[in-house]
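So the chains spell out like this:
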Amino acid sequence: MSSRRSRSRQQSGVSRSTNNNITDDQITDLVSKLQQLIPEIRNSRSDKVSASKVLQETCNYIRNLHREVDDLSDRLSELLATTETDSAQAAIIRSLLM
């Protein structure tokens, strides 16, 4: 935790333990787990990546996943529009869209 953040909490009289029950070690562990899930970070050559960078890349990754889902849904909808509504292929496409 940065000294600025620490000082700010001390001045305001709010400690980490009264705010929530998560420890710095738990945060470090969670950031490490996120780091292993994000391909851009996992495949990087550097072992040391800041928590800020991990969180930023995680947000970017989730945004990209949302875009991919939207694009795939659009493509499936277009495909569904070109198939017969009673066909087995249409039923599979409808199940993928739900």
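Named according to an unreviewed UniProt entry, the protein chain is BHLH domain-containing protein originating from Rhamnella rubrinervis. Entered under Subcellular location (unreviewed entry) in the UniProt record, the comment concerning the protein chain runs "Nucleus".

Draft legend 1. Spatial organisation of the packing of helix H5 (residues 51–81) against helix H6 (residues 88–97). Here H5 crosses H6 at 155°, and the two axes come no closer than 10 Å. Comparing the axis directions of H5 and H6 gives the class roughly antiparallel. Here the hand of the crossing between H5 and H6 comes out left-handed. Between H5 and H6, the contacting residues are Ser-73, Leu-76, Ser-77, Leu-79 and Leu-80 on the first element and Gln-89, Ala-90, Ile-93, Arg-94, Leu-96 and Leu-97 on the second. Looking at side-chain class alone, the contact of H5 with H6 contains seven nonpolar, three polar and one charged residues.

Scoring rules and cut-offs
Residues numbered from 1 in each chain as written. Predicted model: local features only at pLDDT ≥ 70, side-chain atom pairs only at ≥ 80, totals over all residues. Heavy atoms only, no water. UniProt positions renumbered as here; feature names shortened; annotations may be inferred. Axes fitted to C-alpha atoms, helices over the stretch in contact; angles between N-to-C directions. Helix = DSSP H or I, 4+ residues; strand = E, 2+ residues; numbered from the N terminus. Parallel < 35°, antiparallel > 145°, perpendicular 65-115°, else oblique. Left-handed = near helix turned anticlockwise from the far one by under 90°. Contact = heavy atoms within 4.5 Å. Nonpolar A, V, L, I, M, F, W, Y, C, P; charged D, E, K, R; others polar.

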